[in-house]
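# Commentary on secondary and tertiary structure
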Amino acid sequence: MVNFYKTNKDIIYTMGIHILMPVVYFFISIATLIVPILLFLDEFSQDIENPLGLNIKTFVFIFVCIFIMFLFILRMCILPCVYGYFEKKSNNIRLKNFIHNLKHNYLYRLLILIIIEIPFLILVLNANTVHNPPYREYIELHVILTCTCDLLGCYLVLFLWWDIQKFIKKIKNKT
């Protein structure tokens, strides 16, 4: 078991990051649900002034909005950082081949994006065939939608990052 971990630790870390990205999106969703609750509670509706001259409702709202934006930016930037690190530092040949194929083969990119969206498409088709799906299926649909859109967006940012890097290298080589 220890030998398996040593040989595949980079793959395990990469899979862990892919599992953690929807968890971060879940926290973003919870934060967006908490903001209206906090803003309309009686404790926060009082006009208690802070040193900046803002009332507590405004301060909480600004803080939560900045926190949500930080999580969105962090979530979108994590794959370029992780794949860039593992592309240079990993000793695992399978992971390096995966990153190389993902970076240079557009059909491989398309295949990955399709694989990411398959669970969502299956659930949507299943939910649309039933006339009145129970509330539980709406929650499942939302969870899978957020997870797949999260991964889809992260991979699109990753592909865009790589394409911009190629474009910049191309411009530098011409000069």
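Residues numbered from 1 in each chain as written. Predicted model: local features only at pLDDT ≥ 70, side-chain atom pairs only at ≥ 80, totals over all residues. Heavy atoms only, no water.

Before going further, it helps to examine the environment of leucine 74. One can find leucine 74 in helix 2 (residues 56-89). On the basis of relative accessibility, which here comes to 43%, the residue leucine 74 falls in the partly exposed class. Linking leucine 74 and valine 24, residues 50 residues apart in sequence, is a C-alpha distance of 9.3 Å. (Helix = DSSP H or I, 4+ residues; strand = E, 2+ residues; numbered from the N terminus. Buried < 20%, exposed > 50% of the residue type's maximum accessible area, 1.4 Å probe, protein only.)

Turning our eyes to something else, we now look at the packing of aromatic side chains. Tallied over the full model, the rule gives seven aromatic pairs. Relative to phenylalanine 98, the ring of tyrosine 83 has its centre 6.3 Å away and its plane inclined at 90°; by these criteria the two rings are edge-to-face. Remark: phenylalanine 98 occurs in helix 3 (residues 93-104) and tyrosine 83 occurs in helix 2; sequence separation between them is 15 residues. Each ring, one from phenylalanine 159 and one from tryptophan 162, has its centre 6.3 Å from the other, and the planes form 35°; the classification is tilted. Taken together, the residues span about one helical turn, with phenylalanine 159 and tryptophan 162 both in helix 5 (residues 135-174) at a distance of three residues. An aromatic cluster is present here, built from Tyr83, Phe98, Tyr108, Tyr155, Phe159 and Trp162 joined pairwise through their rings. (Phe/Tyr/Trp six-rings, centres within 6.5 Å; stacked < 30°, edge-to-face > 60°.)

Counting across every chain of the model gives two salt bridges. Notably, a salt bridge pairs glutamate 87 with lysine 103, separated by 3.2 Å at the nearest N-O pair. Of this pair, glutamate 87 sits in helix 2 while lysine 103 sits in helix 3, placing them 16 residues apart in sequence. A relative accessible area of 27% means that glutamate 87 is categorised as partly exposed. In this structure, the salt-bridge partner of arginine 109 is aspartate 163, at a minimum N-O distance of 3.2 Å. Here the residue arginine 109 occupies a position in helix 4 (residues 106-129), and aspartate 163 occupies one in helix 5, the gap between them amounting to 54 residues. For arginine 109, a relative accessible area of 5% gives the class buried. (Salt bridge = Lys/Arg side-chain N within 4 Å of Asp/Glu carboxyl O.)

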